[in-house]
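Chain and residue survey
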Amino acid sequence: MSRPSPALGPALVTASVAAATTWVALLSWRGLTDRPSDVLVPLVVLAGVVAGVGAVGRWARLGPFGVLVLQVVLAGMVLSYVVSGAPVPVGAAWADLRAEVDLAMEGARAYAPPVPAEEADVSPLLLGGGLLCLLLVDLLAAGLRRVPLAGIPLLVAYSLPVGLLGTDLTWWVF
C-alpha cells in the first residue's frame, strides 16, 4: 500500500523547518573564517533550494531518493554558480571550480581558524559541507521521516567547530 501524496503546504513547512534548523546549526561555523557572511548568506539560498525542491518533489511523489537526486543536481548547480560563476561546471568552468576548491583546501591546511579570507578563501569547502548537511537532514527528516536520525548530521555540524576552535560557542547557537 502506498502513502498518499502529501499536500504541498505541509510538505513545504516540514522541509523549511528542516532547512532552517540545519542553517541555525551551521551558525556554529562562524568562527572558522573571518568573513562568515561569505558562507552563511549563500547557505540560506542553498537551504531554500533544498527545501523548495524537496517539498515539490515529495508532493509530486518522486520518492525520497528521486528527490535527493533532484536536490543534488539543482543545489549543485547553485553551489557551482556561487563558487565559480557558472551553473554547469563543464569545460573551463570545471577547471575554475576545481581550482577554487584546491585553493580552499590549501588555505585550510595552511591557516588555523579563523582563516583570513584575504589570504585563503575556505568558503567553497564550508559551502560544500553545509550543502551536504542540508541534504542529509532533509533526506532523513522530510524524505524518510526519521526525524531523530536527522539529529546526527546536526550534531556533527555543531560539534565540528567546537573541536577545531577549542572555544565555547555562544548559547544562542546551541
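Regarding helix H4 (residues 92-110)
Between its terminal C-alpha atoms H4 stretches 27 Å, which fits the 27 Å expected from 19 residues at 1.5 Å a residue. Within the sequence span of H4, burial applies to Ala 93, Leu 97, Ala 104 and Gly 107. Axial view of H4: buried residues confined to an arc of 90°, hence all on one face. When the buried face of H4 is taken as reference, the exposed residues oriented beyond 90 degrees from it are Ala 92, Arg 109 and Ala 110. Summarising the contacts, the buried residues of H4 are in contact with helix H3 (64-84) and helix H5 (123-143).

Details of helix H1 (residues 8-26)
Compared with an ideal rise of 1.5 Å per residue, which puts 19 residues at 27 Å, H1 spans 27 Å between its outermost C-alpha atoms and is within 8% of the ideal. Listed as buried for H1 are Ala 11, Ala 15, Ala 18, Ala 19, Thr 22, Ala 25 and Leu 26. Across the axial projection of H1, the buried residues extend over an arc of 120°, all falling on one side. Seen from the open side of H1, the exposed residues pointing more than 90 degrees away from its buried face are Pro 10 and Val 13.

Details of the packing of H3 against H4
At a closest axis distance of 9 Å, the pairing of H3 and H4 adopts a crossing angle of 75°. The angle between the axes of H3 and H4 places the two elements in the roughly perpendicular class. Contacts between H3 and H4 involve Ser 80, Val 83 and Ser 84 from the former and Ala 93, Asp 96, Leu 97 and Glu 100 from the latter. Partitioned by chemical class, the residues of the contact of H3 with H4 number three nonpolar, two polar and two charged.

Considering the pattern of salt bridges
Inspection of the entire model under this criterion finds three salt bridges. A salt bridge links Asp 138 to Arg 58; the nearest nitrogen and oxygen atoms lie 3.1 Å apart. Taken together, the positions of Asp 138 in helix H5 and Arg 58 in helix H2 (residues 37-59) put the pair 80 residues apart, joining distant regions of the chain. Side by side, Asp 138 and Arg 58 carry an identical accessibility label, which is buried. A salt bridge links Arg 98 to Asp 102; the shortest N-O distance between them is 3.4 Å. With Arg 98 and Asp 102 both in helix H4 and four residues apart, this pair spans about one turn of that helix.

Cut-offs used in this document
- Residues numbered from 1 in each chain as written.
- Predicted model: local features only at pLDDT ≥ 70, side-chain atom pairs only at ≥ 80, totals over all residues.
- Heavy atoms only, no water.
- Helix = DSSP H or I, 4+ residues; strand = E, 2+ residues; numbered from the N terminus.
- Expected span 1.5 Å × (residues − 1).
- Buried < 20%, exposed > 50% of the residue type's maximum accessible area, 1.4 Å probe, protein only.
- Arc of directions from axis to C-beta.
- Contact = heavy atoms within 4.5 Å.
- Axes fitted to C-alpha atoms, helices over the stretch in contact; angles between N-to-C directions.
- Parallel < 35°, antiparallel > 145°, perpendicular 65-115°, else oblique.
- Nonpolar A, V, L, I, M, F, W, Y, C, P; charged D, E, K, R; others polar.
- Salt bridge = Lys/Arg side-chain N within 4 Å of Asp/Glu carboxyl O.

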